[in-house]
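Chain by chain, the residues run as shown.
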Amino acid sequence: MKRILVVEDNDLNRKLFCDVLSANGFTVDPVADGQNALQRARDFVPNLVIMDIQLPNISGLDLIARLKSDPVLRDTPVLAVTAYAGKGDEERIRDVGAQGYLAKPVSIGPFMSTVKSLLAPGPQNVAA
Ligand code: MN
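The present account deals with the structure reproduced in this document. (Residues numbered from 1 in each chain as written. Predicted model: local features only at pLDDT ≥ 70, side-chain atom pairs only at ≥ 80, totals over all residues. Heavy atoms only, no water.)

**Here's the deal with the environment of Asn 13**
Inclusion rule: In this text, helices come from DSSP runs of H or I with a minimum length of four residues, and strands from runs of E with a minimum of two, each type numbered from the N-terminal end. Three exposure classes are used, based on accessible area relative to the maximum for each residue type with a 1.4 Å probe and protein chains only: buried under 20%, partly exposed in between, and exposed over 50%. Any pair of residues with heavy atoms lying within 4.5 Å of one another is described as a contacting pair.
Its place among the elements puts Asn 13 in helix α1 (residues 11-23). The exposure class of Asn 13 is partly exposed, given its relative accessible area of 22%. Between the alpha carbons of Asn 13 and Val 106 there is a distance of 8.9 Å; along the sequence they are 93 residues apart. Ignoring sequence-local partners within four residues, the contact set of Asn 13 consists of Glu 8 and Lys 104.

**Description of the nonpolar core**
If you look at soluble globular proteins, the nonpolar side chains tend to sit buried side by side. Definition in use: To define a nonpolar core, start from buried Ala, Val, Leu, Ile, Met, Phe, Trp, Tyr and Cys residues and group those joined through side-chain atoms within 4.5 Å.
The biggest cluster of nonpolar side chains holds 22 residues, and the ones touching the most others in it are Val 7, Met 51 and Leu 67. Of all elements in the fold, only β1 (3-7), α2 (37-44), β3 (48-52), α3 (60-68) and β4 (78-82) reach the threshold of two or more residues within this core. Excluding its chain neighbours within four sequence positions, the residues that come into contact with Leu 67 are Leu 38, Ala 41, Val 49, Met 51, Leu 73, Arg 74 and Val 78. Counting residues in hydrophobic clusters, the runner-up holds 18 residues, among them Cys 18, Leu 48, Met 112 and Val 115.

This is the structure:
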């Protein structure tokens, strides 16, 4: 069973993501506080990380960059979720190494298809 780490400070979004992923057969580990995200990722060793970009105290961009510099986690695909859909934002998110990108509000259909494509074998080069 594939494991997905869900880093999202918003309670409703975090619950929605986890409920939908669980219903689709994934094992989820929810993280509300971004400052715990790296340690939880090291403990959980997820197959995919879903990362909210707007977190209190720490930027999701910084967290993605740290994941991508971790020897164990660097190859784990990251799906970034952000409230801002500006073109510069998407470039910054992809520049730090996220393979997928979705703008909030997130619809379940595109969310699940992006998750599944990021977990599929082959080149991690997904347009969200
Ligand atoms: Mn947030």
